[in-house]
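Tertiary structure, described
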Amino acid sequence: MRKIIHIDMDAFYASVEQRDHPELRDKAIAVGYGEARGVVSTASYEARRFGVHSAMPSLTARKMCPQLIFVQPRFEVYHEVSMQIREIFLEYTDLVEPLSLDEAFLDVTVNRKNNPSASLIAQEIQQRIFGKTHLTASAGVSVNKFLAKIASDYKKPNGLFVIPPDRIEPFVESLNIEQFFGVGKVTAQKMHAHRIFTGHDLKQRTESELVELFGKAGHDFYLRARGIDHREVTPNRAVKSVSSETTFQQDKDNRMLLTVELYHLAREVFERIQTEQFFGRTITVKIKYADFKTITRSRTLPHRITAFQEYWPAARELMKLIDLSGPPVRLIGFGISHAEDEPPPEVSQLELF
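Since we're looking at a predicted model, the values are computed, not measured. (Residues numbered from 1 in each chain as written. Predicted model: local features only at pLDDT ≥ 70, side-chain atom pairs only at ≥ 80, totals over all residues. Heavy atoms only, no water.)

Right, let's get into the environment of Arg48. For Arg48, the location among the structural elements is in helix α2 (residues 45-48). By relative accessible area, Arg48 is classed as partly exposed at 35%. With 19 residues separating them along the chain, Arg48 and Ile29 place their C-alpha atoms 9.2 Å apart. For Arg48, the contacting residues outside a window of four places in its chain are Ala11, Thr42 and Ala43. (Helix = DSSP H or I, 4+ residues; strand = E, 2+ residues; numbered from the N terminus. Buried < 20%, exposed > 50% of the residue type's maximum accessible area, 1.4 Å probe, protein only. Contact = heavy atoms within 4.5 Å.)

What follows deals with the packing of helix α10 (residues 207-214) against helix α11 (residues 217-224). Interaxial distance between α10 and α11 falls to 7 Å at its minimum, and their mutual angle equals 140°. By the angle class used here, α10 and α11 are oblique. Once α10 is placed against α11, the crossing between them reads as right-handed. Contacts from Glu207, Leu210, Val211 and Phe214 in α10 reach Ala217, Gly218, His219, Phe221 and Tyr222 in α11. Its residues assigned to classes, the contact of α10 with α11 shows six nonpolar, two polar and one charged. (Axes fitted to C-alpha atoms, helices over the stretch in contact; angles between N-to-C directions. Parallel < 35°, antiparallel > 145°, perpendicular 65-115°, else oblique. Left-handed = near helix turned anticlockwise from the far one by under 90°. Nonpolar A, V, L, I, M, F, W, Y, C, P; charged D, E, K, R; others polar.)

All right, on to the packing of helix α4 (residues 75-90) against helix α5 (residues 118-133) then. Two elements in contact, α4 and α5, have axes whose closest approach is 10 Å; the angle formed by their N-to-C orientations is 140°. Crossing of α4 against α5: the hand is right-handed. Here α4 contributes Val81, Gln84, Ile85, Glu87, Ile88 and Phe89 to the contact with α5, which in turn contributes Ile125, Arg128, Ile129, Lys132 and Thr133. Taken together, the residues of the contact of α4 with α5 sort by class into six nonpolar, two polar and three charged.

Among the six residues in strand β7 (residues 137-142), six count as buried, and that is most of the element. Side chains Ala137, Ala139 and Val141 project from β7 onto one buried face, and the interleaved Ser138, Gly140 and Ser142 project onto a second face that is buried too. Here strand β1 (residues 4-9) runs beside β7; their pairing, made up of six bridges, is antiparallel. Note that in β7 the partner of Met9 across the bridge is Ala137. (Pairing = 2+ DSSP bridges.)

Within helix α8 (residues 185-193), the full set of buried residues consists of Thr187, Ala188 and Met191. Looking down the long axis of α8, one finds its buried residues gathered within 100° of arc, a one-sided arrangement. Downstream of α8 by one or two residues, Arg195 has phi in the positive range, about 60°. (Arc of directions from axis to C-beta.)

For α10, the complete set of buried residues consists of Leu210, Leu213 and Phe214. Looking straight down α10, one finds that the buried residues subtend no more than 75° of arc, so they occupy a single side. The outward face of α10, more than 90 degrees from its buried face, is lined by the exposed residues Ser208 and Glu212. Packing partners of the buried residues in α10 comprise α8, α9 (199-203) and α11.

It is worth spelling out unusual backbone geometry at this point. Following Lys156, the chain continues to Pro157 via a peptide bond in cis, the omega torsion being -10°. Relative to the assigned elements, Pro157 resides in the loop between α6 (145-152) and β8 (160-162). One non-glycine residue, Asn158, lies in the positive phi region at around 60°. Of the residues examined, Asn158 reaches a relative accessible area of 49% and is grouped as partly exposed.

Right under this line is the structure:
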């Protein structure tokens, strides 16, 4: 039986800013820009108590929390801290799958510490992260990625939650359907219309029923309702492309908000191509609608990409080609591919916003 840990840094960008600027500690802050068209990237827990959250328009955030302090992002610092945390993970196992700068899966079924307890390993990693970075992380432990990720959200911040094998069935059955990864606002409404409100309700449906209702995603919903997830923890291997995507908890149809999400993904991909020394020429924007229809829009640039500003304007133009007149968007992704064989030139400095 596998032993999977999901580590999720607590309000990562905001926590780094509060760590580095003592005057911001215990205050409601948002990483982002506070002007009329600005959007919150990350909010501190002090701000979240007022309802402020990521992807929220800055003006809305200010109305909800008048004392909110906006802090400009420092992505190069966040990347540096993320690499420090990654080094800690690799002391325990090679099977580390980063999802973004602030979260990762670890398979510790076999580990370098010869420790049979995944929960003790997770606790030790939390302590090591705090000792090295003065930042807190939440951890989830279970037998697969689906359960470990849900568990990491249960005792935030600085929490540890374990779902042992004998508790999987009652745990999954007790979940609200909105807690299942991939169930956004529109999908949840559709499930509610068919009287599916909890994991228990979902489990009563046959696989063929769910496929008929939700297409290919129905297969996943059928397995998840039983706590089953066969996906392996896959560390980075030979790189043929670099991409990142995010599935929204609530579907979006606002082009400005989608462009902001695309910006964050494009930044994340740029940090990865620097780390992995992958230099491609083709950029791709991926969109999955609430009805699970997926489209991509691509553009091949005349030279290898070594700086963010070499491809962000083109990515923004691709976003303008996305049709938002129909169903809202449940997933957005961004990737770079089409590498060349010759050695790349020196990478340009990351330009912020």
